[in-house]
Amino acid sequence: MLCSVIFRKLLRLNCRSYIVTTTSTMAPTNPSKGKKLKLVSRRLDDIMSVHDGIVKSDSDKREYRGLQLNNGLKIMLISDPKTDKSAASMDVNVGSLSDPKELEGLAHFCEHMLFLGTEKYPDEDEYSKFLSQHAGNCNAYTSEDHTNYYFDVGHKHLKEILDRFSQFFICPLFDASCTDREMNAVHSEHEKNVMSDGWRLQRLDKATANPNHPYSKFGTGNKETLDTEPKKKDICVRDELLKFHDSMYSANIMALAVLGRESLDELTDMVTPMFSSIKNKQLTVETYTESPYTEKELKVCMKVVPVKDVRNLVLTFPIPDLTEHYESNPGSYLGHLIGHEGPGSLLSELKSRGWVNSLMAGEKGGARGFDFFIIQVDLTKEGMAHVDDIVVCMYQYIDMLNTSGTPSWIFQEIKDLNNMSFKFKDKEKPTSCVQNCSESMHYFPMEDVLSAGHLVKEFRADLVEDLLARLNPDNMRITLVSKSYKDEVDVTERWYGAKYNLAPISEDLLNNCRKVIPSSKFHLPPPNEFIPTDFTIAPLPQGSSPVPELIKRNQLSHVWFKQDDKFKLPKACILFELFSPVAYSYPQHCNMVYMFTELFKDALNEYAYAAELAGLSYKFSNSVYGIHLTIKGYNNTQRVLLEKILTKMTTFSVDQKRFHVIKEMYTRSLKNFKADQPYQHASYFSHVVKSEKAWTKDELSAELVNLTLEMLQEFIPKFMKRLHVQMLMHGNLTKAEALKISETVEEILQHKALTEPLLPTELQKHRQFKIPNGSSYVFQYKNQVRKISSMLVYLQVGLQNTTDNMLLQLLAQVISEPCFNILRTREQLGYIVFSSVDRGNGVQGLRIVIQSERTPSYLEGRAEAFIEHVGDHLNEMSEAEFLKHVSSLAAQILEKPKKLGTETLKYWSELLSEQLFFKRDEVEAEHLKTLTKPMLQDFYKRYIHVSAPERSKLTIHVLGKNLDNCPTQPEPTCQGDLLPCPKLPEPTVISDVNQFKQSLELYPRVRPYLDINEAKL
């Protein structure tokens, strides 16, 4: 797969395909037509230049204007009169590469501290509290050479929050009282990542680089780098923090993007005076022209022992920064070919030999001045014995590319695909839009900020050939990741504790790569037959339903349909649930449905990959009720892919070699669960304990051992034999087309799989157990991999209904910010602290989750102290504050989907839950306005408070691996300024989950809001 990084700076780790969304000869772009400036001279005096000709997608209805202020600040203003949320992002072109050598992590620490008060708004929670009360969210991140701050907020409150936001860059306090606490937050963030293979491998890439290159620094930082070591050297970290901000944060290396309902003129008038006060220190952004890997760090092989049982082979080639060549994008061209998955591809050959399961290739993303091109494969067990052969195969493919030249038709196809993708681009969420714009302004002319990385304009064979020449054995590093290397590693990385070994690549392998023997197995991909040609938007009939309607119902299937009336793009989403009562009746059945879906996707991959490149994707996955199939993208070619999928599915034959490979992968994935984050374990076991039926990872693993190919091949036709099919078709389709598709589906199933309908009594979905009123249960689990612990408190409320839904969501809204501020910011319990609504099988409750180095019993005591405090918080809350929270929640509920697929999933969740409440948002938001503060207080006193008559509590303790035991009773700590913990009843310990469930009642399912028997078909 193409490791699509498009333009280096927008790459995030673990991205999927590297094909720069390609474009075509269809006139794809229109300049944004900004209105004439109508500003008083005082505003114009602050502006150096104005850019109104921003190239944008034909489907983009937003208006754009670029500004550069006299202080050097670049600004992109985005006017969207229909947006629910306003948003802004400030990108500072400085990051962890600029950390002082003696204070690694300082840029990241600065990012944390900037949120905690300014001279104009000194309260440390002023910013987060305002956002919480006005439907907003915020976050930030630090990378090698960027620090990005962003937020969204209800559209009426942009000016107020922008004023607070701007002060971060004008007069931050860096209050000494916050420094130690926030240092703990940085340390906790690092501790969360210590046992994550992604973070460990990223660190090893840096730790084994040239030690004199800034890339080698430990960018996250922790207590040792920001506290212990500086103190030994008499370094005052706060003073250094002030120096860093003063010397590195300059208007001329910042870029701001702001999106709101206001016109471009109004946004100009609003934003300019707020940000003109940022000082311009005339800084020059550093360009790192030297690669982090010198000759000494090349031609080496690094073997790494991972935390999880994964096996990877990565070839890394240092390359120059290609950002300036965005109009030809040679990295995308090469990534498209090497990462291709069709016939004649590198992946196709390596899979046929049974050596790898997946492959990705493309630019990895370095920093300004340097980059990396990687080829990465996921190795099979057999592939581990053929690592050198796989590397040679990679060079055989590279040799084929060298001898084949650079055909212009491939570039033209990429260009056409990118043009098409850009022309019909989905609307971005406000935060995504402003983040992308703020970062891109550092690299591209203002006019190209939206289109760079999407549109490619010129074919530069010379750049492709130059890049290809750099993919050579003398410019290579190899990384091998496997637990099998545990006896070969002899070095421990300092900050993450990763075990590794670094050695020269053997001369034999290097010579074999330098002089490869050409292979006839490899050839360039054929022209893509899935590129759509018809982009007609179907006319919307008068009186069309604003929500999905049932258009067909028989014993075999229910067909729901809604023609798109909002997005007006030539795209559609088609979703199917193949419901089978045997899919989850036994652990081995669950295993077999999973194996079926994985083997099927594996077998169809070469065919479907071309469709994916052409903007048509499918998802085929198992669920507790059977199989889900989703096809989304351009509707012009959807039926071709659908018929291919269904036909192959009904006649599927399991490949013996791939069966053993996929089974081994599945076995490892089940065991790797043990290395997940503790808070993820807490959520998982909360689900297991509450659910009517939930097979554990251990139960699935125990049965999987005995699964044979013959068993699976026999099971598949039995599974297909008796089904109920739920369909939802939404998008650029007519009712007649939807009915035709449903007929095709039924015909294939009935004639090729001989599928018969289920009995009505077999269409039963799972329920959730009712925790008795006044009870308190605790379940404990020992994490065998990570040192940190976690705790989850769940307070069950009951079946979903409109009133309780809104009271519970409103309570969660009210307590979200103080929960974070008290338990994370003030008490510094851990990096992961949150409260939220928890819903499943129609039952809902409130949960508080904390991950920490403290014991679960201590964390539970602090959570209970906070819950007790909520009563006082509600009592002290003014009517005005209450109404702000109501308004904030209503705005969040009514926020419109930005993409067709997002709206589709909202409808699909109603179908899967069987509640069919398609107008839920409108009805619940309207009901929310009728709620009062006394009603919310009564709800809290009824379900949440420790003495609440209907309090039903379940607690999950996940013990870190170094914790031998933990009290089941919460610790009633109330030292110093800590909130007092109330007296709590002795909990009942769940030692046997099945026995526990046998003692409980089940809730019924929520009754549907629509009676399908009354539907007019």
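These remarks concern the structure in this document. (Residues numbered from 1 in each chain as written. Predicted model: local features only at pLDDT ≥ 70, side-chain atom pairs only at ≥ 80, totals over all residues. Heavy atoms only, no water.)

1. Things to note about the overall build of the protein
Then comes step 1: Per the secondary structure count, the protein includes 30 helices and 31 strands.
Then comes step 2: Relative to the compact-globule value of 31 Å for 1017 residues, the protein shows a C-alpha radius of gyration of 29 Å, a close match.
Then comes step 3: For the protein, the spread of C-alpha atoms along the principal axes amounts to about 80 × 75 × 65 Å.
Then comes step 4: Classification of the 1017 residues of the protein by burial places 60% in the buried group.
Then comes step 5: For the protein, restricting intrachain contacts to residue pairs at least 6 apart in sequence, the fraction spanning at least 24 positions comes to 82%.
Then comes step 6: Only carbon and sulfur atoms are counted for the fraction: they give 50% of the accessible area of the protein, which is about 40000 Å².
Then comes step 7: Taken together, the 122 basic and 132 acidic charged side chains of the protein have centroids lying 3 Å from each other. (Helix = DSSP H or I, 4+ residues; strand = E, 2+ residues; numbered from the N terminus. Rg over C-alpha atoms; globule rule 2.2 N^0.38 Å. Buried < 20%, exposed > 50% of the residue type's maximum accessible area, 1.4 Å probe, protein only. Contact = heavy atoms within 4.5 Å. Areas by Shrake-Rupley, 256 points an atom, 1.4 Å probe, with all protein chains shown as cover. Lys, Arg positive; Asp, Glu negative; His and termini not counted. Charge placed at Lys NZ, Arg CZ, Asp CG, Glu CD.)

2. Looking at the packing of helix H24 (residues 802-826) against helix H28 (residues 920-928)
Then comes step 1: Contact geometry of H24 with H28 gives a least axis separation of 9 Å together with a crossing angle of 70 degrees. Classified by the interaxial angle, the pair formed by H24 and H28 is roughly perpendicular. In this structure, H24 contributes Thr802, Thr803, Asn805, Met806, Gln809 and Leu810 to the contact, and H28 contributes Arg920, Glu924, His927 and Leu928.
Then comes step 2: Per-class residue counts for the contact of H24 with H28 are three nonpolar, five polar and two charged. (Axes fitted to C-alpha atoms, helices over the stretch in contact; angles between N-to-C directions. Parallel < 35°, antiparallel > 145°, perpendicular 65-115°, else oblique. Nonpolar A, V, L, I, M, F, W, Y, C, P; charged D, E, K, R; others polar.)

3. Remarks on unusual backbone geometry
Then comes step 1: Backbone geometry places Ala135, a non-glycine residue, at a positive phi of 60 degrees.
Then comes step 2: With respect to the helices and strands, Ala135 occurs in the loop between helix H3 (126-133) and strand S7 (137-142).
Then comes step 3: Relative accessible area serves as the criterion here: at 1%, Ala135 is assigned to the buried category.

4. So, the nonpolar core
Soluble globular proteins: nonpolar side chains tend toward being buried together.
Then comes step 1: Tyr618, Leu629, Met720 and Met729 are the most contacted members of the largest nonpolar core, which totals 89 residues.
Then comes step 2: Counting residues in each nonpolar core, the second largest holds 54 residues, with Leu313, Phe373, Tyr397 and Leu509 among its members. (Core = buried A, V, L, I, M, F, W, Y, C linked by side-chain atoms within 4.5 Å.)

5. Here we look at the pattern of salt bridges
Then comes step 1: Overall, the coordinates contain 60 salt bridges when judged by the stated rule.
Then comes step 2: Of the charged contacts in the structure, one is a salt bridge between Asp265 and Arg65, with a shortest N-O distance of 3.0 Å. Of the two residues, Asp265 sits in helix H9 (residues 264-275) while Arg65 sits in strand S4 (residues 63-69), which places them 200 residues apart along the sequence. The residues Asp265 and Arg65 share a single accessibility class, namely buried.
Then comes step 3: A salt bridge links Lys898 to Glu895; its shortest N-O distance comes to 3.3 Å. (Salt bridge = Lys/Arg side-chain N within 4 Å of Asp/Glu carboxyl O.)

6. Brief notes about the packing of aromatic side chains
Then comes step 1: Using the criterion set out here, one finds 48 aromatic pairs in the structure.
Then comes step 2: Ring geometry for Tyr215 and Phe370: centres 5.5 Å apart, planes at 80 degrees, overall edge-to-face. Residue Tyr215 is found in the loop between helix H6 (197-207) and helix H7 (223-232), and its partner Phe370 is found in strand S13 (residues 370-379); the two are separated by 155 residues along the sequence.
Then comes step 3: By relative accessible area, Tyr215 is classed as buried at 4%.
Then comes step 4: Relative accessible area serves as the criterion here: at 1%, Phe370 is assigned to the buried category. (Phe/Tyr/Trp six-rings, centres within 6.5 Å; stacked < 30°, edge-to-face > 60°.)

7. Topic: the sheet that holds strand S12 (residues 356-363)
Then comes step 1: Spatial strand order, S12-S13-S11-S14-S10-S16-S15: seven strands in an open sheet with mixed pairing. Each end of this open sheet is capped by a strand with a single partner; those strands are S12 and strand S15 (491-492).
Then comes step 2: Here five bridges tie strand S11 (residues 312-320) to strand S14 (residues 477-481), and the two strands are oriented antiparallel to one another. Counterpart to Asn312 in the pairing with S14 is Val481.
Then comes step 3: Helix H19 (residues 656-672) contacts S12 and S13 of the sheet and is inclined by roughly 75 degrees relative to S12. (Pairing = 2+ DSSP bridges.)

8. Things to note about the packing of H3 against helix H26 (residues 879-893)
Then comes step 1: Between H3 and H26, whose axes approach to 7 Å, the crossing angle comes to 65 degrees. Facing H3, whose interface residues are Lys129, Ser132 and Gln133, H26 presents Glu881, Lys884, His885 and Ser888.
Then comes step 2: A breakdown of the residues in the contact of H3 with H26 according to their chemical character gives no nonpolar, four polar and three charged.

9. Brief notes about helix H8 (residues 237-248)
Then comes step 1: Look at H8: 16 Å from first C-alpha to last across 12 residues, which is about the 16 Å you get at 1.5 Å a residue.
Then comes step 2: Of all the positions in H8, only Val237, Glu240, Leu241, Phe244 and His245 are classed as buried. Taken down its axis, H8 places every buried residue within 135 degrees of arc, on the same side. (Expected span 1.5 Å × (residues − 1). Arc of directions from axis to C-beta.)

10. Notes on the sheet that holds strand S9 (residues 254-260)
Then comes step 1: Spatial strand order, S2-S4-S5-S9-S6-S8-S7: seven strands in an open sheet with mixed pairing. With one partner strand each, in any of the chains shown, strand S2 (47-51) and S7 form the two edges of the open sheet. Mean inter-strand twist for the sheet, computed between neighbouring axes without regard to direction, equals 15 degrees.
Then comes step 2: Pairing geometry for S2 and S4, over four bridges, is antiparallel. Each bridged residue has a counterpart across the sheet, and for Val50 the counterpart in S4 is Leu67.
Then comes step 3: Sitting on the sheet, helix H4 (residues 158-167) touches strand S6 (85-92), strand S8 (147-154) and S9, and the angle it makes with S8 is about 155 degrees.

11. Digging into helix H27 (residues 900-913)
Then comes step 1: Taking 1.5 Å of rise per residue, the 14 residues of H27 would be expected to cover 20 Å, and the 20 Å separating its terminal C-alpha atoms lies within 8% of that figure.
Then comes step 2: Along H27, the residues classified as buried are Leu900, Glu903, Thr904, Tyr907, Trp908, Glu910 and Leu911. Around the axis of H27, the buried residues are gathered within 155 degrees of arc, so they sit on the same side.
Then comes step 3: Looking at the buried side of H27, the elements it contacts are strand S18 (557-563), strand S19 (571-579), strand S22 (722-731) and H28.

12. Here's the deal with the environment of Asp838
Then comes step 1: Here Asp838 shows up in strand S27 (residues 832-840).
Then comes step 2: Asp838 gets classed as buried once you look at its relative accessible area, which sits at 13%.
Then comes step 3: With 606 residues separating them along the chain, Asp838 and Lys232 place their C-alpha atoms 47 Å apart.
Then comes step 4: Among all residues touching Asp838, those that are not within four sequence positions of it are Lys690, Tyr794, Val843, Gln844, Gly845 and Arg847.

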